[in-house]
Amino acid sequence: MKKGIKIVTIGGGSSYTPEFVEGLIMRYKELPVSELWLVDIEEGKDKLQIVGDLAKRMVEQAKVPMEIHLTLDRREALKDADFVTTQMRVGQLKARIQDERLPIKYGMIGQETNGAGGLFKGMRTIPVLLEIAKEIQDLCPDAWLINFTNPAGLVTEALLRYGAHPKVVGVCNLPINTRMTIARLLGVDVERLHIDFAGLNHMVYGLDVKVDGESVLPQVLELMGDPEQQVSMQNIAPIPWEKEFIKSLGVIPCPYHRYYYKTSEILQKQLEEYQNGGTRAEVVQRLENDLFELYQDENLKIKPPQLEKRGGAYYSDAACNLISSIHNDRGDIQTLNVRNEGAILGLPVDSAVEVNCVVTKEGPEPIHVGELPVAVSGLVQQIKSFERVAAEAAVTGSYEKALLAMTINPLVTSDVKGKQLLDEMLEVHQEYLPQFKGQIQHS
Ligand code: G6P
Ligand code: MN
């Protein structure tokens, strides 16, 4: 008889892990996980220990027989895993600070998953994840790889296109958060609310919103345009949308669309933050220090509420719901990053898209959408072009491809400055970009 479920979390020392552990504890009856392996690297050893000790106190307090294993040996952990979740940050927060600060210096948006910052986070991350995909293929070929590592859309694109392991799903907390926020605004129970999501990760639109199966889209668009009712995430400034614009757009943008439709307002805000040493990465660094301080308290045996200040709050619902639906062959609908397979017309069939899927023991199956509305399909296609070129740059280490990816990104506003920024970022991040060795053009 098969033992219980084995989950491996790579980047286990992340400050988010207690939320995942809480999610598994809450679902223990439907999802009896017997082993959770938290894996990290040498530089993350101390964080892993602190988070791992908290995880052990949490399961003990909850009286759930889930073994917590801590290791720096990825291969040891992966053996016979059923699910592998990845949530690491190559180069850690100090690399994110560069991703968010350097573009601003050149007058462009600095953000960890969009623009130049997203490109570099992707190029640092993709080779590591491709290596992990190979190891999974070798050590636990039946396991699902569930990736949270940002930029999740670009990373999923690379894993699907170049990866050795086909059972890959990209996840994000944004669709779940949006559903919760809109349900709250409408004053209805979240279970009654359904949103037809389609697009790409952090570039997803709500094409329709239904309560008990009836569309309430016009009402929601009205609420979205109301400056008193801002729908955003902890990590994105809730600058109000233009009422008329949202109405004429006719679909629900995601909080990240502010970077594209409000570029100058966000840039202005970022310039102010930049001068005061307060980019999101730096705010997060302080939040993380506080969290790790709390985690070390031996009397703490639950996930502290302060974790909800992070933009990724509720990420564990996305992960746990997915794992549970695969395990229980549930057949419910979840918004996931999967191979398009023709669900969204106008995007490559073999590219990653973020779309509603039916989740069974076979994994997620995308629900057919058809064409996206004309007003949004162009931007989505442009971002997909960027992701494909960026994935190729990450895999090949080609300077030309990296320059191309940089320049075609809509948030990179000049080819000249884009090249200067590329050169500076390649240099700053070189330790984590071995594939570009010998290609870095020193200025
Ligand atoms: C959102 C995104 C996550 C991202 C997070 C950043 O929730 O969906 O993918 O990791 O924000 O939050 P942070 O607190 O790190 O700025
Ligand atoms: Mn996300």
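A short tour of the structure in this document, coming up. As the structure is a prediction and not an experimental result, all values here were calculated from the model. Numbering of residues starts from 1 in each chain and follows the order in which that chain's sequence is written. Both sets of labels track the order of writing: A upward for chains, 1 upward for ligands. Owing to the predicted nature of the model, reporting of local features is limited to residues with pLDDT of at least 70; listing and counting of side-chain atom pairs is limited to 80 or more, with chain, interface and lining totals taken over all residues. Hydrogens and waters are ignored; side-chain quantities use all the structure's heavy atoms.

### Looking at the pattern of salt bridges
Here the idea is simple: oppositely charged side chains can pair when their charged atoms come close.
Argument step 1. Salt bridges are defined as contacts in which a side-chain nitrogen from Lys or Arg sits within 4 Å of a carboxyl oxygen from Asp or Glu. The tally for this structure, following the rule as stated, stands at 29 salt bridges.
Argument step 2. The salt bridge partner of R27 is D317, with a shortest N-O separation of 3.0 Å. Taken together, the positions of R27 in the loop between α1 (17-26) and β2 (33-39) and D317 in helix α13 (residues 315-328) put the pair 290 residues apart, joining distant regions of the chain. Neither residue differs from the other here; R27 and D317 are each classed as buried.
Argument step 3. Here E392 makes a salt bridge to K401, at a shortest N to O gap of 3.9 Å.
Argument step 4. Using a 1.4 Å probe on the protein chains alone, a residue whose accessible area is under 20% of its type maximum counts as buried, one over 50% counts as exposed, and one in between counts as partly exposed. When its relative accessible area of 28% is taken as the criterion, K401 is described as partly exposed. Numbering of helices and strands runs from the N terminus, with a helix taken as a DSSP run of H or I at least four residues long and a strand as a DSSP run of E at least two residues long.

### Some words on the pairing of strand β1 (residues 5-10)
Argument step 1. In terms of burial, β1 is a largely internal element, six of the six residues being buried.
Argument step 2. Both faces of β1 are covered, namely the face carrying I5, I7 and T9 and the face carrying K6, V8 and I10.
Argument step 3. Whether two strands pair depends on DSSP finding at least two bridges between them. Alignment of β1 against β2, held across six bridges, turns out to be parallel. The residue of β2 that forms the bridge with T9 is L38.
Argument step 4. Look down the strands so they point away from you; if the path from the first strand over the helix to the second goes clockwise, the crossover is right-handed. Between β1 and its parallel partner β2, the chain crosses via α1, and the hand of that crossover is right-handed.
Argument step 5. The pairing of β1 with strand β4 (residues 83-86) spans four bridges and is parallel.

### Here we look at the packing of helix α5 (residues 115-139) against helix α6 (residues 152-162)
Argument step 1. For helices, the axis comes from a line fit to the C-alpha atoms of the stretch in contact; other axes are also lines fit to C-alpha atoms, and the angle between any two N-to-C directions lies between 0 and 180 degrees. Interaxial distance between α5 and α6 falls to 9 Å at its minimum, and their mutual angle equals 40°. By the angle class used here, α5 and α6 are oblique. The element α5 and its partner α6 pack so that their crossing is right-handed. Together, G118, G122, T125, I126, L129, L130 and A133 of α5 and L154, V155, A158, L159 and Y162 of α6 make up the contact between the two elements.
Argument step 2. Following the grouping adopted for this structure description, the nonpolar residues are Ala, Val, Leu, Ile, Met, Phe, Trp, Tyr, Cys and Pro, the charged ones are Asp, Glu, Lys and Arg, and the polar ones are all others, Gly among them. Across the contact of α5 with α6, the residue classes tally to nine nonpolar, three polar and no charged. Put simply, angles under 35 degrees are roughly parallel, angles over 145 are roughly antiparallel, angles from 65 to 115 are roughly perpendicular, and the rest are oblique. A clockwise turn of the near helix away from the far one marks a right-handed crossing, whereas an anticlockwise turn of less than a right angle marks a left-handed crossing. Contacts: residue pairs with any heavy atoms within 4.5 Å of one another.

### Describing the site of ligand 1
Argument step 1. Being near a molecule or strand, for a residue, means having at least one of its heavy atoms within 4 Å of it. Looking at ligand 1, there are 15 residues lining it, with N150, N173, R280, R310 and G311 nearest.
Argument step 2. Taking R310, its side chain carries an N or O atom lying 2.7 Å from an oxygen atom of ligand 1.
Argument step 3. Two N or O atoms count as a polar contact when they lie within 3.5 Å, although within protein this holds only if one can serve as hydrogen donor and the other as acceptor, and sequence-adjacent residues are included solely when both atoms are side-chain atoms. In this structure, G311 approaches ligand 1 through a main-chain N or O atom, which is 2.3 Å from an oxygen atom.
Argument step 4. For the accessible areas, the method is Shrake-Rupley and the probe is 1.4 Å, while residue cover comes only from the protein chains on display. Here ligand 1 loses 94% of its free accessible area of 390 Å² to cover by the protein chains.
Argument step 5. Its residues assigned to classes, the shell around ligand 1 shows five nonpolar, six polar and four charged.

### Focus on the layout of surface pockets
Argument step 1. Here the term cavity refers to a set of points on a 1 Å grid, laid over the protein atoms alone, in which a 1.4 Å probe fits but cannot get out; the term pocket refers to an open set having protein on both sides within 12 Å along at least five of seven lines, with lining residues being those that place an atom within 4 Å of a point. Grid points are joined across faces, edges and corners, and a volume is the space filled by probe spheres set on the points. The space that makes up the largest pocket amounts to roughly 1100 Å³.
Argument step 2. In terms of lining, the largest pocket is formed by 48 residues, of which the most central are S14, Q87, M88, R89 and K121.
Argument step 3. Those elements giving two or more residues to the lining of the largest pocket turn out to be α4 (92-105), α5 and α12 (280-295).
Argument step 4. Residue composition of the lining of the largest pocket, by class: 20 nonpolar, 17 polar and 11 charged.

### Some thoughts on the packing of α1 against helix α2 (residues 45-62)
Argument step 1. In contact at an axis separation of 10 Å, α1 and α2 are set at 20° when each is read in the N-to-C sense. One element, α1, and the other, α2, form an angle in the roughly parallel class. As for the relative orientation of α1 and α2, their crossing is right-handed in sense. Together, T17, P18, V21, E22 and I25 of α1 and V51, L54, A55, M58, V59 and A62 of α2 make up the contact between the two elements.
Argument step 2. Here the contact of α1 with α2 is built from residues that sort into nine nonpolar, one polar and one charged.

### Here's the deal with unusual backbone geometry
Argument step 1. Each neighbour pair has its own omega, and for N150 with P151 the value is -5°, a cis peptide bond.
Argument step 2. Looking at the element boundaries, P151 is found in the loop between β5 (144-147) and α6.
Argument step 3. Residues other than glycine seldom take positive phi values, yet Q92 does so here, at roughly 55°.
Argument step 4. The residue Q92 is located in helix α4 in this model.
Argument step 5. Of note, the phi angle at Y314 is positive, near 75°, even though the residue is not glycine.
Argument step 6. Its location among the elements puts Y314 in the loop between α12 and α13.

### Let's talk about the environment of T9
Argument step 1. Within the element layout of this structure, T9 appears in strand β1.
Argument step 2. Overall, the relative accessible area of 0% leaves T9 in the buried class.
Argument step 3. As a C-alpha pair, T9 and L78 span 69 residues in sequence and 9.3 Å in three-dimensional space.
Argument step 4. Setting aside anything within four residues of it in sequence, one finds T9 in contact with F20, L36, W37, L38, V39, T85 and Q87.
Argument step 5. One polar contact links T9 to T85, side chain to side chain, over a distance of 2.9 Å.

### Here we look at the coordination of the manganese ion (ligand 2)
Argument step 1. Listed as protein donors to the manganese ion (ligand 2) are C172 (SG) and H202 (NE2); their distances from the metal cover 2.2 to 2.3 Å. With a gap of 30 residues between them, C172 in the loop between β6 (168-170) and α7 (174-186) and H202 in the loop between β7 (193-200) and β8 (203-211) connect regions that are remote in the sequence. Water is not among the atoms examined, so metal sites may look incomplete; donors are the N, O and S atoms within 2.8 Å of the metal, or within 3.2 Å for Na, K and Ca.

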